[in-house]
Amino acid sequence: MRHVCGISGGKDSSALAVYLRDQVPDMEYFFCDTGAELPETYEYLNRLEVVLGKPIARVNAERPFEHWFEVYRGALPSPQMRWCTRQMKIKPLEDWLGDDEATSYVAIRADEQNRKGYVSTKPNIKAVFPFIEADIDHDGVLRILDEAGIGLPDYYSWRTRSGCYFCFYQRKAEWVGLADRHPDLFERAVAIEQKVLKEAGDAGDADYGDRGMKSRGYTWSQGESLPELVGRREEIMRKHDEAMLRAAKSRRSLPLVAVLGEALDDDSDEVACTVCAL
Amino acid sequence: MTEESSLFDLRRPRERFARAVNIERDAGTVQALTSFLPVGRALNVVDRVMTSLGAGRSESAFAVTGPYGSGKSSLALLLDALLAPQASQEFELARSLVQGASPATFHRVQQARGDHGAQGLLRCFVTAQREPVSQTVLRALIAGLEKVELSDQLVELRRHALDMRTATSVETREIVNLIAHVASIRPLVLLIDEFGKSLEAVAGSGATAAADLFLLQELAERSITAPYAVVTLQHLAIGDYATELGSRERREWAKVQGRFEELSYVEGQAQTLQLIAAAFEPLQDEAAEAAVSGWSERAARSSAALGLPQLDADLLAGAWPLHPTALVVLPDLVQRYGQNERTLFSFLAAPGTASVPEWLQATAWNAQEPPVVRLHQVYDYFVAPATAMSSYSAAATRWVEIDTRIRDARGLGESQLRVLKAVGLLNLVAAGGELRASRSLVGWAMADGAPGTETVDAVEQRLRELEALGLLSWRAFSDEYRVWHGSDFDLRTAVERVREQLKQVPVPEILERNAPLVSVVAARHSHATATLRAFACRWTSNRIEHSALDADTAVDGLVLFAVGGPIVLNAETEDSRPVVVLEFGEAADLVGAAREAEALRVLLEEAPADDWVIRRELAERHAEARAALDVEIDRNVQRLGTRKGFYTLEEGQLLQQPVDQTLSGLVSDICDRAYALAPVVRNELLNRHQLSSQAAKARRELLEALLRSPHRETLGLQGFGPEVAMYRAVLSSTGIHRRRSDGSWEIGSPADAAGESLTPVWTHMLEMLSSQGKRLRVSDVFERLAAPPFGLREGVAPVLLTCVLQSNAGEVALYEHGTFKAGLTPDLLERLVRNPQFFELRHFRADAGARRHLLEEYADALAHLPGGRRSVDPSVVGIVSALVRFINALPEYGRRTADLSSAAVALRQVVLRATEPDVLLFEDIPRVLGVVGEGRGDRTNLRQELLPALQSLRGAYPGLLCTVREDLVKATGAFTSDVRVELEQRADPLEGKVLDPRLATLVKAMSAADLDDDAWLEYVAMMVANTPPSSWRDADLARYRTNVAQLGAAFRRLEALTLEARAAANGRGFSAVLVTITQPDGRDTSTLVRVQDAHRHALDRLVAAALEEAQDVVGSSAEARDALLAVLAAPTGSVGTEVQDDPGSTSTQQKAEA
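Quick look at the structure, then. (Residues numbered from 1 in each chain as written. Chains lettered and ligands numbered in written order. Predicted model: local features only at pLDDT ≥ 70, side-chain atom pairs only at ≥ 80, totals over all residues. Heavy atoms only, no water.)

Comments concerning the overall build of chain A
Item 1. Within chain A, the secondary structure is distributed over 11 helices and 7 strands.
Item 2. For chain A, the proportion of its 278 residues judged to be buried stands at 56%.
Item 3. In chain A, of all internal contacts separated by at least 6 residues, the share reaching a separation of at least 24 is 68%. (Helix = DSSP H or I, 4+ residues; strand = E, 2+ residues; numbered from the N terminus. Buried < 20%, exposed > 50% of the residue type's maximum accessible area, 1.4 Å probe, protein only. Contact = heavy atoms within 4.5 Å.)

This is the structure:
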């Protein structure tokens, strides 16, 4: 029986890894690397490994986002068609586990029991929820990370969820954050939104603009393209600041990360992908 | 008279009204004529017909048009009697009727009879049936001749007429001639009652219509010169029977209509009211008469008060039991909405559901208030059972709406329903005016004492309820209730307007929109070749333009349905797929049907979304028009055979094709010729353009197996899945995947008889590749193979291409997005299948001469790399693939570092940047390596330059790890050869005591378990530099060196402090020494030895003594010291110790070797 704990680069799964460090001695930690994670995530994983005292296995998708983007001919992943999670997270994980009997530790917190984490449909994988069993909630998670001396990933100053840099679950203010912190990644996300894979080969960019689903007009962020979104930067950030203020007032002595979380939920309370952002 | 007896005993309708007149049955009888009321319209018709007969040399064709039940058949009886022999009873009766009413008219009758008065004229009167008009006319002629005694000549003509009736085909002109001939002997009147039936038959017949219409036209025209008159009786104008037809037919009908003088047989309201009153027998009971008379007085007063002064007491008494409102709606109602089976007189006189006689039978007398028939009963008789009217008129629209609303009203009480029907009926005959459904009128009309409508107040209450239910709307400004919301849509005008507009729209466009064609399958061919082939069908104009030949890639050919006249070819095409042209010619009927359907479709789009009445009507008519169009298309397709209208389009020429087969048969023949070189692939899942998701998955597995295990039996595929079936169909049965003589498996060109059908495609694919000196787009290859004569399916193409690539691996280079790809991989193929337009192929000939030598030197160098492949295929693609793979296999550091020989850096750069394999091998690499010598027999120095550069590249990362280790050793002052064990042991006591997070990181990393030595080193390096060394840039190395030096120093300081602290805690000082002993076999054992200060003095004395004694044995004091160490360290062999003194922030290192 293998014991595995998936780490997404977000706070919950990181806290769970720390929490289990001394409880499950032969735990295997893994991270499904889409190749499109934020630089902050990679850096945080290094820090986390130190705390855990053992390396985190990087499960690399054999076929990266660019491959699937071409196979789906520029049809972007979306909440309705979440092929990114399927192809780049779940499949690689199931391949990595093979047919081994395994217990998977899932970082759903006690205060979000109605959320559905990734629970494999494969019969050899059994899911357990230690935070729910031990009644550890949002504050508990922050405490664990604090006590371990690792804190939060650096991206928490502008984004509350781990995942790909172009993740469509990002809230508007987070997109602005990406444009500010990682202009190069933002530019790539803009190109992908226009169904263009930049520098696909010696022939230059690969353009799927005239391929299937072209009339769908899908945009990463609902209702507008990224250039349009960034054009509204001031408006978005003003609203965001107001939301921050409101969230800060609503409860006393709220940690900053919770304030950011609530402010962003104000923007869109769509529940993030439970595979990528636990 | 008792109240129990039925009203029928009091009053009953006159006998003659009780059944409809039939001209053939009733002619010659007197009863039917006795009560005939010779009113104005009847005399008018008699006048016109007789005048024309008497005058000669004028057109004598009349179309008498009047609603059902208006007495047209009685009129026919009158005409019949007026033409009868002088002495006959019916003539006598008719004479008295007409002469009494209008002597002038009777004068004209006499003139028309002329010399033939005694015998009478020939009365050729019949009732029409659904049959060709020629039959009806002959029937009438024969009937007329049978009524009278005949001369021999007429007997002969009658026999002639009988012959014609049974003949299979009769010329129109012959019939007209015969009639004219008969008329010249004895003038005749040809009268056809219910001629509407004939007209409907003509309108519906299509084929014989032209002849029938021509006959009518001829009959009318000949009546100018021949002494006969034609009279037709029908309830619509002739042209109105043609509303469903195409425009061309409507023009023909208009011509006929123009030949006939139209006589309207409509009575004014007053006359009709008189007729109704005359329909009842007088009252049979004096008391009742008095009661009815009193009622009629009251009713007349009420009528006048409501603005209906024409209803005087006498009329109302005569028309009892009709309520004044029921009476007054009848004339308009029957005129506008009369139906064949529901006439005014059948209502009044015929037994049957909801009719007046039935009501009379069922109703009891009441002297105080004589019972009456009210509006809702009239509604029940005329409106409720009728089917939808077929006409574009506004009246019909209103009818449909009111009928539908009342029919659909659910859950109403009896009384509510009665009131609703009354309002609906009033709406039907009047909108506005005195007969409008005003509150007072409805109240008066419907207050009958029955439950729910006891009084006027009760009726008004019902009206308000219906209004609240939304079934009635109250128009306060005009004081009227409406069931009918009314449509402002003028359908008739709109249809005409759109028809006019559509004349500008190309016919094929209209046909494409209303009757899109489905593909035709080449059934026989498909069955024989196991490939389903279909041709797309489309409408075009007879002028075939380029756009008509543009077809989707998924079809195997085109069938053009060309409409509009002889075909004119106006286009050329590169597309080699076969084209069939069907020449429909003008096909005016088809075009007309299409325009009609389109007009209704357009109107349906235009019609206001909320005007459900008009939408419903349009939808129905549109459906009918579509069905009619389909019939026309079928007829025209069938007609093609006789028109010799099959063509193929070959090399810009139209070639006529035999017509003795179906379209599918023709298309099969064409496919046999056009796709003669198509491979036979017996797998339905794969052999198609669009694969199902299941088939696509199976193909993916097949392709992966082709790459993964080409040398295994069945490619390693097992079981009975679809991928195995595909393997058998394409690869195994065709000999492409086969066993070699040595028992191993290989992929090669198709073999065996079974593979024969694949050979042309295979060969052509190779020819395409090798004939080009440049790159070839994969999608172009697929497109070429999909075209004739191969017709290869998109499902099969990638499989065959993969086999071709596998069996010619060294010669064909593959590019994705312009970048050379070293070898096929499953993910690459997955993308290629999806987007062949982004992939290119290029063939490289097997080289000879100088190039061949160079290639061999490359292969030699690559084969000599440590750990490299033993043999490398000396082909351009083989070498480049090996080089690209070599570079790609380097860790990122190796691909980036500049810390290499300049030749290695240059080599790496040209390989990474190369776009063309041959340029890379024969130009770029020789250039950067400074290769001299032409080859050609001599060897160049390529090999001796290339090998070191490759080795340098390969050694870069191991070299980096060496540096990493050295720096770590230096920084931590590690002094044993087993750095890892030493550092692990040294880190152990520090764990948990480190505050500086970066140092803690290092300490943690040093004690990481479960890793081999290299992985441990990489892990430590990553923790120091924050990125794994495999992806380092040169700057990362520099940072590592700085970091590790600082951290190492800190590590040692902390280590010292810890030891000191421990000593202090023990209360006794000590010093620590790490003793490492190297065994002769190279194994090290290290031990950290702590020497307590308390023991030091004693030990020192012992050693000094021992040294002194040893010096005596070996000579010098230095030699004595070494010898003692060696003896202490081991029983045998060499002894090395590295001694590090502790404590101390600086350390001295002593080394002793035995």
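Topic: the overall build of chain B
Item 1. Counting secondary structure elements, chain B contains 47 helices and 23 strands.
Item 2. The buried share of chain B, reckoned over its 1154 residues, is 52%.
Item 3. Excluding contacts between residues fewer than 6 apart, the proportion of contacts in chain B whose partners are at least 24 apart in sequence is 67%.
Item 4. Total accessible area computed for chain B in this model is approximately 51,800 Å², and 50% of it derives from carbon and sulfur atoms. (Areas by Shrake-Rupley, 256 points an atom, 1.4 Å probe, with all protein chains shown as cover.)

What to know about the packing of helix H37 (residues 876–889) of chain B against helix H41 (residues 942–972) of chain B
Residue and element names in this part refer to chain B.
Item 1. In contact at an axis separation of 10 Å, H37 and H41 are set at 30° when each is read in the N-to-C sense. Between H37 and H41, the crossing angle belongs to the class labelled roughly parallel. Mapping the contact onto sequence places Leu 883, Phe 886 and Ile 887 in H37 and Leu 950, Leu 953 and Arg 954 in H41. (Axes fitted to C-alpha atoms, helices over the stretch in contact; angles between N-to-C directions. Parallel < 35°, antiparallel > 145°, perpendicular 65-115°, else oblique.)

Examining the interface of chain A and chain B
Item 1. The interface is formed by 23 residues belonging to chain A together with 22 residues belonging to chain B.
Item 2. Together chain A and chain B conceal approximately 2,000 Å² of surface at their shared face, both sides included; 49% is due to carbon and sulfur atoms.
Item 3. Contact with chain B buries area across many residues of chain A, yet Val50(A), Arg63(A) and Asp202(A) alone supply 27% of it, more than any other trio.
Item 4. Across the chain A-chain B interface, the total number found is 2 salt bridges.
Item 5. Glu704(B) is the partner of Arg63(A) in a salt bridge, and the nearest nitrogen-oxygen pair spans 3.3 Å.
Item 6. Broken down by secondary-structure element, the contributors of at least two residues to the side of chain A that touches chain B are helix H2 (39–52), helix H3 (65–71), strand S6 (196–201) and strand S7 (204–207) of chain A.
Item 7. Grouping the constituent residues of the side of chain A that touches chain B by class yields 10 nonpolar, 5 polar and 8 charged. (Buried area = accessible area lost by both parts, 1.4 Å probe. Salt bridge = Lys/Arg side-chain N within 4 Å of Asp/Glu carboxyl O. Nonpolar A, V, L, I, M, F, W, Y, C, P; charged D, E, K, R; others polar.)

Thoughts on the sheet that holds strand S10 (residues 557–569) of chain B
Residue and element names in this part refer to chain B.
Item 1. With mixed pairing, the 6 strands of this open sheet are ordered in space as S8-S9-S10-S11-S12-S13. The open sheet is flanked by strand S8 (520–521) and strand S13 (653–656), the only strands paired with a single partner.
Item 2. Taken together, the 2 bridges between S8 and strand S9 (residues 534–544) define a ladder with antiparallel strand orientation. Residue pairing across strands places Val 520 opposite Phe 535, the latter belonging to S9.
Item 3. Sitting on the sheet, helix H25 (residues 507–514) touches S9 and S10, and the angle it makes with S9 is about 150°. (Pairing = 2+ DSSP bridges.)

Some thoughts on the packing of aromatic side chains
Item 1. The final tally for this structure, using the stated rule, is 28 aromatic pairs over all chains.
Item 2. Arranged with centres 5.2 Å apart and planes meeting at 20°, the rings of Tyr155(A) and Tyr156(A) form a pair that is stacked.
Item 3. According to the relative accessible area criterion, Tyr155(A) is buried, its value standing at 0%.
Item 4. Tyr156(A) sits in the buried class, given a relative accessible area of 7%.
Item 5. Ring geometry for Phe347(B) against Tyr381(B): centres 5.1 Å apart, planes inclined by 45°, an arrangement best described as tilted. Of the two residues, Phe347(B) sits in helix H17 (residues 344–349) while Tyr381(B) sits in helix H19 (residues 375–382), which places them 34 residues apart along the sequence. In this pair, the class of Phe347(B) matches that of Tyr381(B), namely buried.
Item 6. A network of ring pairs unites the aromatic residues Phe65(A), Trp68(A), Phe69(A), Tyr72(A), Trp83(A), Tyr165(A), Phe166(A), Phe168(A), Tyr169(A), Tyr208(A), Trp220(A) and Phe838(B) as a single cluster.
Item 7. Over the ring of Trp474(B) we find Arg439(B); its NZ or CZ atom is 4.4 Å from the centre of that ring.
Item 8. Positioned above the aromatic ring of Tyr675(B) is the side chain of Arg533(B), whose terminal nitrogen or guanidinium carbon lies 4.3 Å from the ring centre. (Phe/Tyr/Trp six-rings, centres within 6.5 Å; stacked < 30°, edge-to-face > 60°. Lys NZ or Arg CZ within 6 Å of the ring centre and 35° of its normal.)

Considering the packing of helix H1 (residues 11–20) of chain A against helix H6 (residues 138–147) of chain A
Residue and element names in this part refer to chain A.
Item 1. H6 packs onto H1 with a crossing angle of 60° between their chain directions and a minimal axis gap of 9 Å. Accordingly, the angle class assigned to the pair H1 and H6 is oblique. Seen from above, H1 lies across H6 with left-handed handedness. Here H1 contributes Lys 11, Asp 12, Ser 14, Ala 15, Val 18 and Tyr 19 to the contact with H6, which in turn contributes His 138, Val 141, Leu 142, Ile 144 and Leu 145.
Item 2. Split into classes, the residues belonging to the contact of H1 with H6 amount to 7 nonpolar, 2 polar and 2 charged. (Left-handed = near helix turned anticlockwise from the far one by under 90°.)

Comments concerning the nonpolar core
Item 1. With 92 residues, the main nonpolar core has Tyr165(A), Phe166(A), Trp175(A), Trp220(A), Val730(B), Leu731(B) and Leu800(B) as its most contacted residues.
Item 2. Setting aside residues no more than four positions away along its own chain, Val730(B) makes contact with Val681(B), Leu686(B), Ile736(B), Leu758(B), Val796(B), Val799(B) and Leu800(B).
Item 3. Among the nonpolar cores identified, the runner-up in size contains 79 residues, and Leu900(B), Val911(B), Tyr1019(B) and Ala1050(B) belong to it. (Core = buried A, V, L, I, M, F, W, Y, C linked by side-chain atoms within 4.5 Å.)

What to know about helix H36 (residues 849–863) of chain B
Residue and element names in this part refer to chain B.
Item 1. Taking 1.5 Å of rise per residue, 15 residues should cover 21 Å, and H36 covers 21 Å from first to last C-alpha, within 8% of that figure.
Item 2. Every buried residue of H36 is accounted for by Leu 854, Leu 855, Glu 857, Tyr 858, Ala 859, Ala 861 and Leu 862.
Item 3. Buried positions along H36 lie against H37, helix H40 (917–929) and H41. (Expected span 1.5 Å × (residues − 1).)

Quick word on the side chain of Ser355(B)
Residues and elements named next belong to chain B.
Item 1. Looking at where Ser 355 falls in the secondary structure, it is placed in the loop between H17 and helix H18 (356–362).
Item 2. The class of Ser 355 is buried, set by a relative accessible area of 2%.
Item 3. Look past the residues within four positions of Ser 355 in its chain and what remains in contact with it is Ser 346, Phe 347, Ala 350 and Tyr 381.

A short note on the pattern of salt bridges
Proximity of charged atoms lets side chains of opposite charge pair with each other.
Item 1. Counted according to the given criterion, the structure contains 80 salt bridges over all chains.
Item 2. The residue Glu200(B) makes a salt bridge to Arg130(B) at a minimum N-O spacing of 3.6 Å. Of this pair, Glu200(B) sits in helix H10 (residues 195–205) while Arg130(B) sits in the loop between strand S2 (122–127) and helix H7 (133–146), placing them 70 residues apart in sequence.
Item 3. Residue classification places Arg130(B) among the exposed residues on the basis of a relative accessible area of 59%.
Item 4. Through salt bridges with shared partners, a single ionic network connects Lys172(A), Glu224(A), Arg232(A), Glu235(A) and Lys239(A).

Details of helix H14 (residues 286–305) of chain B
Residue and element names in this part refer to chain B.
Item 1. For H14, with 20 residues, the first-to-last C-alpha span of 29 Å sits near the 28 Å given by 1.5 Å per residue.
Item 2. Residues of H14 that are buried include every one of Ala 288, Ala 291, Val 292, Trp 295, Ser 296, Ala 299, Ala 300 and Ser 303, and no others.
Item 3. Along its buried surface, H14 packs onto helix H15 (313–319), helix H16 (324–337) and helix H22 (439–446).
Item 4. Residue Asp 285 occupies the N-cap position of H14, its side-chain oxygen lying 2.8 Å from the main-chain nitrogen of Ala 287. (Polar contact = N/O pair within 3.5 Å; in protein donor to acceptor, adjacent residues only side chain to side chain.)

Description of a negative patch on the surface
Item 1. Residues Glu199(A), Asp205(A), Asp207(A) and Asp210(A) make up a contiguous surface patch of negative charge.
Item 2. On the basis of relative accessibility, which here comes to 57%, the residue Asp210(A) falls in the exposed class. (Patch = residues over 30% accessible without salt bridge, like charges linked within 9 Å, V, L, I, M, F, W, Y side chains within 5 Å. Lys, Arg positive; Asp, Glu negative; His and termini not counted. Charge placed at Lys NZ, Arg CZ, Asp CG, Glu CD.)

As for the sheet that holds S2(B)
Residue and element names in this part refer to chain B.
Item 1. Here 5 strands make up an open sheet; going across it, the order is S2-S3-S4-S1-S5 and the pairing parallel. Pairing within the sheet leaves two strands with one partner each, and these edge strands are S2 and strand S5 (261–264). Recorded for the sheet is a direction-independent mean angle of 20° between the axes of neighbouring strands.
Item 2. Where H10 meets the sheet, its contacts fall on strand S3 (188–193) and strand S4 (228–234), and the angle it forms with S4 comes to roughly 85°.

Details of the pairing of strand S12 (residues 646–650) of chain B
All names here are of chain B.
Item 1. Taken across its 5 residues, S12 has 4 buried, putting it largely inside the fold.
Item 2. The pairing of strand S11 (residues 579–585) with S12 spans 4 bridges and is classified as antiparallel. Looking at the pairing, Val 579 lines up with Leu 649 of S12.
Item 3. Where S12 lies against S13, 4 bridges are found, and the strand directions are antiparallel. Looking across to S13, one finds that Leu 649 is bridged to Leu 654.
Item 4. Hairpin connection of S12 to S13: 2 residues between the antiparallel strands, including Glu 651 at a positive phi of 50°.

Here's the deal with unusual backbone geometry
Item 1. Geometrically, the link from Trp320(B) to Pro321(B) is a cis peptide bond, its omega value of 20° lying close to zero.
Item 2. Note that Pro321(B) resides in the loop between H15 and H16.
Item 3. The omega angle of the peptide bond from Pro788(B) to Pro789(B) is 0°, so this bond is cis rather than trans.
Item 4. Even without being glycine, Asp135(A) reaches a positive phi, approximately 55°.

Points about the pairing of S7(A)
All names here are of chain A.
Item 1. Here 3 bridges tie S6 to S7, and the two strands are oriented antiparallel to one another. For Val 196, the partnering residue across the bridge sits in S7 and is Asp 207.
Item 2. Turn length for the S6-S7 hairpin, with the two strands adjacent in sequence and antiparallel, is 2 residues.

Such coordinate-based values are descriptive only and should not be taken to indicate function.
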